[in-house]
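# Survey of secondary and tertiary structure
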Amino acid sequence: MTVTDWRATPEAPHAEHIARLRALDHDATAVRGWQPTLFPGALQSAAYAAAVLATLAPALPAEERTARAHARTERINALGAGPGRTAAFVVPASTLTRPVGGTHVLAGQLGYVLDLVALRPSVAVHVLADDEAHAGLAGGFVLYELGAEQAVLREDLAGTHLTREPDDVAAYRAAFADLRERALPPAASLDLIEETKGRLCATLNRPPAG
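These lines cover the structure that appears in this document, whether it is placed above or below.

Reading the values: the criteria
- Residues numbered from 1 in each chain as written.
- Predicted model: local features only at pLDDT ≥ 70, side-chain atom pairs only at ≥ 80, totals over all residues.
- Heavy atoms only, no water.
- Helix = DSSP H or I, 4+ residues; strand = E, 2+ residues; numbered from the N terminus.
- Buried < 20%, exposed > 50% of the residue type's maximum accessible area, 1.4 Å probe, protein only.
- Contact = heavy atoms within 4.5 Å.
- Pairing = 2+ DSSP bridges.
- Right-handed = clockwise from strand over helix to strand, strands pointing away.
- Axes fitted to C-alpha atoms, helices over the stretch in contact; angles between N-to-C directions.
- Left-handed = near helix turned anticlockwise from the far one by under 90°.
- Nonpolar A, V, L, I, M, F, W, Y, C, P; charged D, E, K, R; others polar.
- Expected span 1.5 Å × (residues − 1).
- Phe/Tyr/Trp six-rings, centres within 6.5 Å; stacked < 30°, edge-to-face > 60°.
- Salt bridge = Lys/Arg side-chain N within 4 Å of Asp/Glu carboxyl O.

## What to know about the overall build of the protein chain
Helix and strand counts for the protein chain stand at six helices and seven strands. The order of α-helices and β-strands along the protein chain, N terminus first, is β-α-β-α-α-β-α-β-β-β-β-α-α. Counting only residues that meet the buried cut, the protein chain has 44% of its 210 residues in that class. Taking all contacts inside the protein chain whose residues are at least 6 apart in sequence as the whole, residues at least 24 apart take part in 76%.

Put into structure tokens, the structure is as follows:
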């Protein structure tokens, strides 16, 4: 795959944006992602993705939000699907308890991640403690290795930008390496996700007070 720099603005056709992301996911031999406030799009369940879109893009019609949410769930089918292909994501611990869509949706999202990783051993999730400063506070990004090429996808208020600029890629590679080293290893991260899900489910099943 030949990678070219591109920027997707909020006004750009969504189908075109998703098609580009799917092509990257499909062709990448390795994917490394960080999101400072939410689960990364490729790890989002349909219900969680719909809740995110309802919060960040409330003007979108409900049907469009649903379509976009389901499109996000399809991306994971490409990540880490082939031999030798891997995907790794770092998420902050606060993401595990931020009630996007409510407690029920969040509990379902945690279960979705646990099932996803169980079915795809080449996908790793690391949880990072929230009590220290790090380069990831600047914003979310995804690194792609595409054969001999490398690229970084980052988001800002102006949209989504993909670049192969060597200095940019090197900076984000260093940032991800630092984030992953600070974070819990995959097994401990999954234990924490499972424990948090258990507490949320217990809350949901608790009879109302009074």
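Anyway, onward from the coordinates.
## Examining the pairing of strand S3 (residues 86-92)
Counting buried positions along S3 gives six out of seven residues, so the element sits mostly inside the fold. Strand direction decides the pairing type here: strand S2 (residues 30-34) and S3, joined by five bridges, are parallel. Residue Gly-33 lies in a different strand from S3, and its bridge partner there is Phe-89. Once you follow S3 into helix H4 (residues 103-119) and on to strand S4 (residues 123-128), the crossover reads as right-handed.

## Points about the environment of Leu-204
Considering the arrangement of structural elements, one finds Leu-204 in helix H6 (residues 186-205). Judged by relative accessible area, which is 37%, Leu-204 ranks as partly exposed. Taking the C-alpha atoms as reference points, Leu-204 and Ala-107, 97 residues apart in sequence, are found 9.1 Å from one another. If we skip the residues at most four places from it in the chain, Leu-204 touches Thr-103, His-104 and Ala-107.

## Looking at the packing of H4 against H6
Put simply, H4 and H6 touch, their axes get as near as 9 Å, and they point 150° apart. Crossing angle aside, the handedness with which H4 passes H6 is left-handed. Along the contact surface, H4 presents Thr-103, His-104, Leu-106, Ala-107, Leu-110, Gly-111, Val-113, Leu-114 and Val-117, while H6 presents Leu-190, Ile-193, Glu-194, Thr-196, Lys-197, Leu-200, Cys-201 and Leu-204. Split into classes, the residues belonging to the contact of H4 with H6 amount to eleven nonpolar, four polar and two charged.

## Quick notes on H4
Residues separated by three or four positions in an α-helix point in the same direction, a consequence of the helix having 3.6 residues per turn. Taking 1.5 Å as the rise per residue, H4 with 17 residues should run 24 Å; its terminal C-alpha atoms sit 24 Å apart, in good agreement. Looking at H4, one finds that the buried residues are Val-105, Leu-106, Ala-107, Gln-109, Leu-110, Gly-111, Val-113, Leu-114, Leu-116 and Val-117. On the buried face of H4, the contacting elements are helix H2 (46-56), S4 and H6.

## With respect to the packing of aromatic side chains
Counted according to the given criterion, the structure contains two aromatic pairs. Between the aromatic rings of Phe-39 and Tyr-48, the centroid separation amounts to 5.7 Å while the plane-to-plane angle is 80°, which identifies the pairing as edge-to-face.

## Points about the pattern of salt bridges
All told, the structure shown has five salt bridges when counted by the stated rule. The salt bridge partner of Glu-149 is Arg-164, with a shortest N-O separation of 3.2 Å. With Glu-149 in strand S6 (residues 149-156) and Arg-164 in the loop between strand S7 (159-163) and helix H5 (166-182), this residue pair connects regions lying 15 residues apart in the sequence. Overall, Arg-164 belongs to the partly exposed group, its relative accessible area being 34%. Here Arg-154 makes a salt bridge to Asp-168, at a shortest N to O gap of 3.9 Å. On the criterion of sequence distance, the pair formed by Arg-154 in strand S6 and Asp-168 in helix H5 is long-range, its members being 14 residues apart.

Don't take any of this as a statement about function, it's just geometry.
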